[in-house]
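# Remarks on the overall topology
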Amino acid sequence: MKRYIALFTMLLSGGLLTAQEAVAPASDAFYNDLFVRMILIGAAVVMLVAILVLYRLLMTVIKVEQIKIYKEQGLDAYLEAVAKPKESWIMRQYKAWTAAVPVEREADVLLLHDYDGIHELDNKLPPWWVAMFYITIAFAGVYLVYYHFTDMGPSSLQEYETEVAVAEEQVANYLAKQANLIDESNVTLLTDEAALEAGKAIFVGQCAACHGQLGEGGVGPNMTDNYWLHGNTINDVFKTIKYGVPEKGMISWQAQLRPVEMHQVASYILTLQGTNPPNPKAPQGDLIEPATEGSAGETPAEGSSL
Ligand code: HEC
């Protein structure tokens, strides 16, 4: 469709572009260019106005000729018909679209009702209004077919679902970004099942070799007792995981785990406290009671564990 409009405007504008291009229109990108489109439409408008002006001019010339001829031949009756100023097109349109019984002839359309002195006129509906009424009916028909009987237009439900899908994607993107912005200063304890499960999977896969399948300890310290070398708050644990204690055999994980994963495994580790697995490794570090929800916990004094 677009292509045809462009073609039409192009032809109308008298070959602004070569005929070659008109036969095989250039790429859509060309017509989608707003500037090109505006030029084409502008050219079409100018052409239309010019055509109109020329038409009026031609009609005037014809009229002048007619008057001249009728005068020469003494055809007064014709002369009168031609010379009489005609109502302008706009005026005729205006009258046609607003046709109503004029006030002077209202008596003709007066109904015989009388409501406390209020009378009713049986006037015609204004044609412009009637036309709009029929247009709305036609529109409703098209609408009905387009949206309800064919698959061309999406239903309200489909539109809703598309929008929800888009919004969900945005939320997911946002959350993913947020999750990866986590660091030791803003990390919070995760408690939802899914996150803890993910944390457990990471622990079993990456950490259990040194910290034991159940966190009972091995090369690395026991995670299930209340003794900590580097603190037991979520912030401390996250930090230990992220930067590690390389000189003591605990590597820095930030190159291997994404922030969200370190967040999950740190939260999981803190659920292991007090689980009393078999073969626990002897406590290391300082006794720190488990941080209760919301409390910051304690960090052992600098160097106390070394
Ligand atoms: C190669 C063995 C090894 C692996 C693998 C390992 N750790 Fe460690 N981890 C250690 C050692 C050793 C320590 C003790 C460091 C010290 O003495 O300061 C430690 C300490 C820790 C601490 C501090 C404990 C405390 O008492 O403060 C946390 C938390 C920790 N590891 C979490 C993890 C997590 C999570 C993983 C898996 C992503 C992991 N570790 C993988 C060896 C390991």
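Conventions and cut-offs
Every residue gets a number counted from 1 within its own chain, in the order that chain's sequence is written. Under the rules for a predicted model, residues below a pLDDT of 70 receive no local features and side-chain atom pairs below 80 are neither given nor counted, while totals for whole chains, interfaces and linings still include all residues. Only hydrogens and water are set aside when side-chain values are computed; all heavy atoms of the structure are taken into account. Axes here mean lines fitted to C-alpha atoms, for a helix over just the part in contact, with angles spanning 0 to 180 degrees between N-to-C directions. Segments assigned H or I by DSSP are reported as helices when at least four residues long, segments assigned E as strands when at least two residues long, and all are numbered from the N terminus. Angles are sorted into four bins: roughly parallel if under 35 degrees, roughly antiparallel if over 145, roughly perpendicular if 65 to 115, and oblique for all others. Crossings are assigned a handedness: left-handed for a near helix turned anticlockwise from the far helix by less than a right angle, right-handed for a clockwise turn. Two residues qualify as a contact provided that any one of their heavy atoms is within 4.5 Å of a heavy atom in the partner residue. Following the grouping adopted for this structure description, the nonpolar residues are Ala, Val, Leu, Ile, Met, Phe, Trp, Tyr, Cys and Pro, the charged ones are Asp, Glu, Lys and Arg, and the polar ones are all others, Gly among them. We call a residue buried when its accessible area falls under 20% of the maximum for its residue type, exposed when it is over 50%, and partly exposed in between, using a 1.4 Å probe and counting protein chains only. Each residue carries a pLDDT value, the predictor's own confidence for that position, ranging from 0 to 100. The nearness test applies per residue and asks whether one of its heavy atoms lies within 4 Å of the molecule or strand. Pairs of N or O atoms within 3.5 Å make up the polar contacts considered here, provided that, within protein, one atom can donate a hydrogen while the other can accept it, and that residues adjacent in sequence are counted only when both atoms are side-chain atoms. For Na, K and Ca the donor cut-off is 3.2 Å, while for other metals it is 2.8 Å, and in both cases only N, O and S atoms qualify; water is not among them, so sites may look incomplete. For a four-donor site, all angles between 85 and 135 degrees give tetrahedral; for four or six donors, opposite pairs above 155 degrees with the remaining angles between 65 and 115 give square planar or octahedral; all remaining cases count as irregular.

Another point: the packing of helix α4 (residues 34-73) against helix α5 (residues 76-83). The contact between α4 and α5 brings their axes to 9 Å, and the two run at 160 degrees. Classified by the interaxial angle, the pair formed by α4 and α5 is roughly antiparallel. Note that α4 runs across α5; the crossing there is left-handed. Between α4, through Lys63, Gln66, Ile67, Tyr70 and Lys71, and α5, the contact on the second element is made entirely by Tyr78, Leu79 and Val82. Among the residues forming the contact of α4 with α5, the class breakdown is five nonpolar, one polar and two charged.

To continue, consider helix α10 (residues 234-243). The element α10 is largely enclosed, with a buried count of seven among its ten residues. Within α10, burial applies to Ile234, Asp236, Val237, Phe238, Thr240, Ile241 and Lys242.

For the protein, mean pLDDT is 84; residues scoring 70 or higher make up 85% of the total. Low pLDDT (under 50) marks residues 293-306, which in the prediction has 19 contacts with non-local residues, meaning those over four places away or in another chain.

The full set close to the ligand counts 22 residues, and Cys207, Cys210, His211, His230 and Met250 are the nearest of them. The backbone of leucine 229 places a nitrogen or oxygen atom 2.8 Å from an oxygen atom of the ligand. In this structure, histidine 230 approaches the ligand through a side-chain N or O atom, which is 2.5 Å from an oxygen atom. Listed by contribution, the elements that provide at least two residues to the shell around the ligand are α9 (193-211), α10 and α11 (259-269). The dominant element in the shell around the ligand, judged by the number of residues it contributes, is α9, at four residues. Grouping the constituent residues of the shell around the ligand by class yields 15 nonpolar, six polar and one charged.

We now examine the coordination of the iron atom of the ligand. At this site the iron atom of the ligand is bound by His211 (NE2) and Met250 (SD), with donor distances of 1.9 to 2.2 Å. Coordination at the iron atom of the ligand is octahedral, judged from the six donor atoms that bind it and the angles of 87 to 178 degrees they form at the metal. Linking histidine 211 in helix α9 with methionine 250 in the loop between α10 and α11, this pair joins segments that are 39 residues apart in sequence.

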